[in-house]
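# Descriptive structure summary
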Amino acid sequence: MNLFDHEWARVGGGIGKLVRYCDDFVILCRSRGGAEEARRRVSTILGRLGLQLNPDKTSIACLTRGAQGFDFLGFHHHKVESWKWRGRWYLQRWPSVRAMRSIRAKVRRATDRRFVGEVIEMAVGNLNRMLRGWHAYFRYGNSARKFTAIDSYVHERLAILASRKHKLPGRNWGPNSRFNRQWFLSLRVFQLSASGAIRYGTVHARR
């Protein structure tokens, strides 16, 4: 892909800005026409290298005024209008749908019914190692709401596991239940939403 970088700088640098990590990349263009030309030139360059674009993963997205967004390296990138200065739009990023689905699946596996016979601290330890790594990556963005959603899901899953351990019906994780927030906090679970400042990377754009 280094050859691709050099070729793009030679024949496509004036069309759009290339951002690449390994074999994943995006090209930022000022117009749809420019994006279509960029896709054509990329196909030509890759063809010379014996490669081709994956049609299922290649698309053109219009970011103007939040019309569309795109996923890249686990983040969803989307323009959001300022609540304070209406008419001003900022490019923000947060964990993509795929990334959220993946972390939920991992949380679910770490709290599976097969751990009913183990002390709950074992499940918490496994979760904490996983959640710290996820937080370290996704804190570079506008991820606060997604972090809160995952914290809530972890609480729910641990309450379900505890209910099964004690042979209790239901999930028992509401505010007035046995396994409420105070119980959750007592487990010393690593909470994404309360684990240090998020590094916001907002980029300003007027349109």
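Here, the structure is the one placed above.
A quick note: this is a predicted structure, and the numbers were derived from the prediction, not measured.

Quick notes on the rules
Residues numbered from 1 in each chain as written. Predicted model: local features only at pLDDT ≥ 70, side-chain atom pairs only at ≥ 80, totals over all residues. Heavy atoms only, no water. Core = buried A, V, L, I, M, F, W, Y, C linked by side-chain atoms within 4.5 Å. Buried < 20%, exposed > 50% of the residue type's maximum accessible area, 1.4 Å probe, protein only. Helix = DSSP H or I, 4+ residues; strand = E, 2+ residues; numbered from the N terminus. Contact = heavy atoms within 4.5 Å. Salt bridge = Lys/Arg side-chain N within 4 Å of Asp/Glu carboxyl O. Pairing = 2+ DSSP bridges.

What follows concerns the nonpolar core. Grouped together as the largest cluster of nonpolar side chains are 30 residues, with contacts concentrated most on Val154, Leu158 and Trp183. Those elements that provide at least two residues to this core are helix 3 (97–110), helix 4 (120–138), helix 5 (144–165) and helix 6 (181–186). Contacts of tryptophan 183, omitting those with residues within four sequence positions, involve Ile120, His155, Leu158, Ala159, Ala162 and Arg178. Residues Phe4, Trp8, Leu18 and Val42 belong to the second largest nonpolar core, which totals seven residues.

Now for the pattern of salt bridges. Evaluated as defined, the whole model comprises nine salt bridges. One salt bridge connects arginine 20 with aspartate 5, and the closest N-O pair in it is separated by 2.7 Å. Here arginine 20 is found in strand 1 (residues 16–21), whereas its partner aspartate 5 is found in helix 1 (residues 2–11), with 15 residues between them in sequence. On the basis of relative accessibility, which here comes to 24%, the residue arginine 20 falls in the partly exposed class.

Pairing geometry for strand 1 and strand 2 (residues 24–29), over six bridges, is antiparallel. If you follow arginine 20 over to strand 2, its bridge partner there is phenylalanine 25. Two successive antiparallel strands, strand 1 and strand 2, enclose a turn made up of two residues, where cysteine 22 displays a positive phi of approximately 55°.

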